[in-house]
Amino acid sequence: MRSSRLSPLAAPAFRYFFVGQVVNRVGSSMAGVALAFAVLDIDDSASALGWVIAASSVPMVVFMLLGGAIADRLPRAVVLRGCNLVQGVVQTATAVLVITGYAEIWHLVVLQAVAGTVFAVSYPAFLGMVPILLPVEERKAAFLLIGQATSAVGILGPAVSGVLVATAGPGWALAVDAATYLVAAGLLLLVRLPPGDRSNAKPSVIGDFLAGWAFARHLGWVIPAASASLVFNALVSGAINVLGPVIADDTIGSEGWGLARSGQAVGVFVAAFFLAKVTLRAPMRAIMIAFVVWCVPMLVLGTHVNVWVLSASFVVAGAALSLLDLAWNLLVQEKVPEEMLSRIMAIDGFFSFVATPIGQLAVGPLAIAFGAGRVQLGCFALAALVAAFALTRRRITDVRLTGGPPPQLTG
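This structure is a prediction, so every number in the text was calculated from the model and none was measured.

Chemist: Any chance you could explain the packing of helix α6 (residues 136-167) against helix α14 (residues 307-335) here in plain terms?
Modeler: Packed helix pairs are characterised by how far apart their axes lie and by the angle those axes make with each other. Two elements in contact, α6 and α14, have axes whose closest approach is 10 Å; the angle formed by their N-to-C orientations is 145°. The interaxial crossing formed by α6 with α14 has right-handed handedness. Together, R139, K140, F143 and L144 of α6 and S322, L326, N329, L330 and Q333 of α14 make up the contact between the two elements. Considered class by class, the residues forming the contact of α6 with α14 number four nonpolar, three polar and two charged.

Chemist: Can you walk me through the nonpolar core in this structure?
Modeler: Proteins that are soluble and globular tend to have nonpolar side chains buried together. In terms of nonpolar packing, the biggest core is built from 95 residues, with F14 and F17 touching the most fellow members. The element that contributes the greatest number of residues to this core is α14, accounting for 13 residues. Beyond its immediate stretch of four places on either side in the chain, F14 contacts P8, L9, V130, L133, L134, A142, L145 and I146.

Chemist: What exactly am I supposed to notice about empty space enclosed by the protein here?
Modeler: Summed over all chains, the structure comprises one cavity of 30 Å³ or more. Reported here for the largest cavity is a volume of approximately 40 Å³. Every residue along the wall of the largest cavity is listed here: F18, Q21, V22, R25, I146, A149 and T150. Elements that contribute at least two residues to the lining of the largest cavity include exactly α1 (12-42) and α6. Within the lining of the largest cavity, the residues separate by chemical class into four nonpolar, two polar and one charged.

Chemist: So what exactly am I meant to see when it comes to the environment of L111 here?
Modeler: Along the chain, the position of L111 falls in helix α4 (residues 105-127). Placed 21 residues apart in sequence, L111 and V90 show a C-alpha to C-alpha distance of 6.1 Å. Beyond its immediate sequence surroundings of up to four residues, L111 is in contact with V90, A93, T94 and L97.

Chemist: Hey, could you run me through helix α15 (residues 341-354) in this one?
Modeler: Side chains of residues three or four places apart in an α-helix project in the same direction, reflecting 3.6 residues per turn. The end-to-end C-alpha distance of α15 is 20 Å, a good match for the 20 Å that 14 residues give at a rise of 1.5 Å each. Burial runs high along α15: eleven of the 14 residues are buried. L341, S342, R343, I344, M345, A346, I347, D348, G349, F351 and S352 are the residues of α15 that are buried.

Chemist: Help me understand the packing of aromatic side chains, please; the structure alone is not making it clear to me.
Modeler: Note on aromatic pairs: each is described by the distance of the centres and the angle between the planes. Using the criterion set out here, one finds eleven aromatic pairs in the structure. An angle of 35° between the planes, with centres 5.5 Å apart, marks the rings of F119 and Y123 as tilted. With F119 and Y123 both in helix α4 and four residues apart, the pair spans about one turn of that helix. In this structure F119 comes out as partly exposed when scored by relative accessible area, which is 28%. A centroid spacing of 5.3 Å and a plane angle of 70° characterise the contact between Y123 and F353, whose relative ring orientation is edge-to-face. One end of the pair, Y123, is in helix α4; the other, F353, is in helix α15, and 230 residues separate them in sequence. The side chain of R15 reaches across the aromatic face of Y16, ending 5.8 Å from its centre.

Cut-offs used in this document
- Residues numbered from 1 in each chain as written.
- Predicted model: local features only at pLDDT ≥ 70, side-chain atom pairs only at ≥ 80, totals over all residues.
- Heavy atoms only, no water.
- Axes fitted to C-alpha atoms, helices over the stretch in contact; angles between N-to-C directions.
- Helix = DSSP H or I, 4+ residues; strand = E, 2+ residues; numbered from the N terminus.
- Left-handed = near helix turned anticlockwise from the far one by under 90°.
- Contact = heavy atoms within 4.5 Å.
- Nonpolar A, V, L, I, M, F, W, Y, C, P; charged D, E, K, R; others polar.
- Core = buried A, V, L, I, M, F, W, Y, C linked by side-chain atoms within 4.5 Å.
- Buried < 20%, exposed > 50% of the residue type's maximum accessible area, 1.4 Å probe, protein only.
- 1 Å grid on protein atoms, 1.4 Å probe; cavity = no way out; pocket = protein on both sides within 12 Å on 5 of 7 lines; lining within 4 Å.
- Points joined across faces, edges and corners; volume = space filled by probe spheres on them.
- Expected span 1.5 Å × (residues − 1).
- Phe/Tyr/Trp six-rings, centres within 6.5 Å; stacked < 30°, edge-to-face > 60°.
- Lys NZ or Arg CZ within 6 Å of the ring centre and 35° of its normal.

Here's what the structure looks like:
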């Protein structure tokens, strides 16, 4: 049977999960803007904002691999429900402190550290949900549907948050985020699933983590792909997310930059309609090519910055990102047993997130030494070289999708 674009929503468990995640993403897309302005209202300095952001990102990276083991060890719906409840409490406390005017930087640092630790568990649990909610033939449509919903929220959420921050204050935007976590936790109560087979679980979480790492090495393509992801994420986080606004400030301004960046979400949304009709057979080839296309805005930022050309490049980058996510999700769900899903996703997430500060810290000194434009072009050239090298490795190029069910893990 062929799946239609919306057919995954016919399954009640997936429908409740999907709606919960969309509601959750609405709040999360608003929280970044709100938290930044809340910090700046307390201490108008970049260093204070850096401390608060780092308080979340550091534990997220440190605990990601163990978080994957926890998400595989326990029922994922239960893990997600608990994580949403904790996140809701943390964000409620943050909102109350900000609204009442009692918030201090150290309060926000502590609360964001808790939030980052919880995210290290919820992220791999979320990525392992679709294969246990839907049969094989429905999963591609589900991944695309989630991507489209996320991109649509990514277009509207920050703008709504900006208006709410300007009119009511950042604390109320944070309160909306807190409410979305609690709503998502409530919807997950409706997700009824039989317990998965955990007969191969080790006596401890550490043992489960080591078993997951050993399985990733056995597969052969997980570590090389994650290593390539480390480089690409470092390049994008530095060249586009940090150096991009600096270049835009001297050329198209903040409004032009905001318009251009929204093009990526548009690209993700539109590409899903076309990818629904595409059959992927060589997922790792598609992933490496998509990584390079994701970096195309660097070419514009490194040469002549025009708001419409830059916007078009971000649309193309968004389409590539949609292909990348779909290819990776389909590959993992076909090649990895259900009880290993979150650990494999956590390995990929760890490599992806750990690279972010490397790129962010490196581009500043490089731009001073060589010029911002040359750094952009150099980053794109490095991305192309890494992808070209990866495509010479048989562990990458020989991976194929068959459309069959995932393997069973033997004891």
